[in-house]
Amino acid sequence: MKLDPFYPIVPDFAWAARLVPQGVRFLQLRIKDASAETIRTEIAQTMQLCAEHDCLLVVNDYWREAIELRAEFIHLGQEDLAAADLGAIKRAGLKLGISSHSLEELGNAKAAEPDYVALGPVYETKLKKMPWAPQGLARIKQWRAALDCPLVAIGGITVERAAGVLEAGADSASVITDIVTDQNPEARTRQWIAATERWREDR
Ligand SMILES: Cc1ncc(COP(=O)(O)OP(=O)(O)O)c(N)n1
Ligand SMILES: Cc1nc(C(=O)O)sc1CCOP(=O)(O)O
Ligand SMILES: [Mg+2]
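Residues numbered from 1 in each chain as written. Chains lettered and ligands numbered in written order. Predicted model: local features only at pLDDT ≥ 70, side-chain atom pairs only at ≥ 80, totals over all residues.

**So, the overall build of the chain**
Logical step 1: Assigned secondary structure in the chain consists of eleven helices and eight strands.
Logical step 2: Taken over the C-alpha trace, the chain has a radius of gyration of 16 Å; the compact-globule value for 203 residues is 17 Å, and the two agree within 12%.
Logical step 3: C-alpha extents for the chain along the principal axes are approximately 40 × 40 × 35 Å.
Logical step 4: Counting across all 203 residues of the chain, residues that qualify as buried make up 39%.
Logical step 5: Across the chain, every contact between residues at least 6 apart in sequence was considered, and the portion connecting residues at least 24 apart equals 51%. (Helix = DSSP H or I, 4+ residues; strand = E, 2+ residues; numbered from the N terminus. Rg over C-alpha atoms; globule rule 2.2 N^0.38 Å. Buried ≥ 20, exposed ≤ 12 C-beta atoms within 10 Å, placed from the backbone. Contact = placed C-beta atoms within 7 Å.)

**Here's the deal with the pairing of strand S5 (residues 95–100)**
Logical step 1: Here S5 lies mainly inside the structure; five of its six residues are buried.
Logical step 2: Alignment of strand S4 (residues 73–76) against S5, held across four bridges, turns out to be parallel. Bridge assignment links His 75 to a residue of S5, and that residue is Gly 97.
Logical step 3: Of the pairings in the sheet, the one linking S5 to strand S6 (residues 116–119) comprises four bridges and is parallel in character. Opposite Gly 97, over in S6, you have Tyr 116 as the bridge partner.
Logical step 4: In this region the chain leaves S5, passes through helix H6 (residues 103–111) and returns to the parallel neighbour S6; the handedness of that crossover is right-handed. (Pairing = 2+ DSSP bridges. Right-handed = clockwise from strand over helix to strand, strands pointing away.)

**Concerning the UniProt feature "domain: Thiamine phosphate synthase/TenI" (unreviewed entry) in the chain**
Logical step 1: UniProt tags residues 13–179 as "domain: Thiamine phosphate synthase/TenI" (unreviewed entry).
Logical step 2: Counted over residues 13–179, helix gives 44% and strand 19%. Its end C-alpha atoms are 15 Å apart. (UniProt positions renumbered as here; feature names shortened; annotations may be inferred.)

**Topic: the site of ligand 2**
Logical step 1: The environment of ligand 2 is formed by 16 residues, the closest being Gly 120, Thr 125, Gly 155, Ile 176 and Thr 177.
Logical step 2: Of the residues belonging to the shell around ligand 2, the class tally is seven nonpolar, seven polar and two charged. (Near = placed C-beta within 6 Å. Nonpolar A, V, L, I, M, F, W, Y, C, P; charged D, E, K, R; others polar.)

**Let's talk about unusual backbone geometry**
Logical step 1: In the segment running from Gly 120 into Pro 121, the intervening peptide bond is cis, with an omega of -10°.
Logical step 2: Turning to its location among the elements, Pro 121 is positioned in the loop between S6 and helix H7 (136–146).
Logical step 3: Phi at Arg 70 is positive, roughly 60°, even though this residue is not glycine.
Logical step 4: Checked against the element boundaries, Arg 70 lands in the loop between helix H3 (63–68) and S4.

**Details of the sheet that holds strand S2 (residues 26–29)**
Logical step 1: Pairing is parallel in the closed barrel, where eight strands are placed in the order S1-S2-S3-S4-S5-S6-S7-S8. Sheet twist, expressed as the average angle between the axes of neighbouring strands with direction ignored, equals 25°.
Logical step 2: The pairing of strand S1 (residues 6–10) with strand S8 (residues 172–175) spans three bridges and is classified as parallel. The partner of Pro 8 across the bridge, within S8, is Val 175. (Axes fitted to C-alpha atoms, helices over the stretch in contact; angles between N-to-C directions.)

**Some thoughts on helix H8 (residues 159–167)**
Logical step 1: Among all positions in H8, only Val 159, Ala 162, Val 165 and Leu 166 are buried. With its buried residues spanning 90° around the axis, H8 presents them on a single face.
Logical step 2: The inward-facing, buried residues of H8 contact H7, strand S7 (151–154), S8, helix H9 (177–180), helix H10 (185–195) and helix H11 (197–201). (Arc of directions from axis to C-beta.)

**Things to note about the environment of Val 20**
Logical step 1: Counting through the fold element by element, Val 20 comes out in the loop between helix H1 (13–19) and S2.
Logical step 2: Judged by the 23 C-beta atoms lying within 10 Å of it, Val 20 falls in the buried class.
Logical step 3: Sequence separation between Val 20 and His 53 is 33 residues, and the spatial gap between their C-alpha atoms is 7.1 Å.
Logical step 4: Aside from chain neighbours lying at most four places away, what touches Val 20 is Leu 27, Leu 49, Cys 50, His 53 and Cys 55.

This is the structure we're talking about:
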């Protein structure tokens, strides 16, 4: 499958409702610290929004809810993957994206036959403390050569860095901070869409 080259991640439906109408085609809903009821409501609302805007939605972490609500795509980190019922995910027809930060984790990810593998952090990220040093663009080339599925790059990516990441071989650049901390996140989203247009046209 071909991924859109721009892959923003939002923390809730309210953020999705701001960004998706700008022309986002590939989005992750990454909810943290919410009640079970809120999680289900937010996933359902964001699924409806994305369906209305022809945007492929990836639900982070909550694979049980994604199955129940008939979502299309789930993202799991390595610990999430180890704890998840991979058979149930596959039987439900959910597409699967998996994080990786080392060669060992790349091997774990490939063994799960994912629909994309994410490599991070490409650059230093301020979003969360990570035990891995920034991987850099050379690592993207290495991961690209080792994979026969799409590659997502994540971590510290800005609109100015997006072209370098995509030129290095990533199929999509994922981003949180560069958008959600911008003074005008809607305008920043449009800048991202314009900056990644060349890779969209190739598809
Ligand atoms: C595209 C993408 N890449 C990596 C992650 C991180 O997943 P994980 O390590 O499970 O951490 P949390 O995001 O769940 O805190 C991601 N969500 N998306
Ligand atoms: C949530 C997450 N996971 C990463 C990984 O490397 O697995 S990096 C990251 C944060 C990405 O956000 P920002 O664009 O703000 O740096
Ligand atoms: Mg996770």
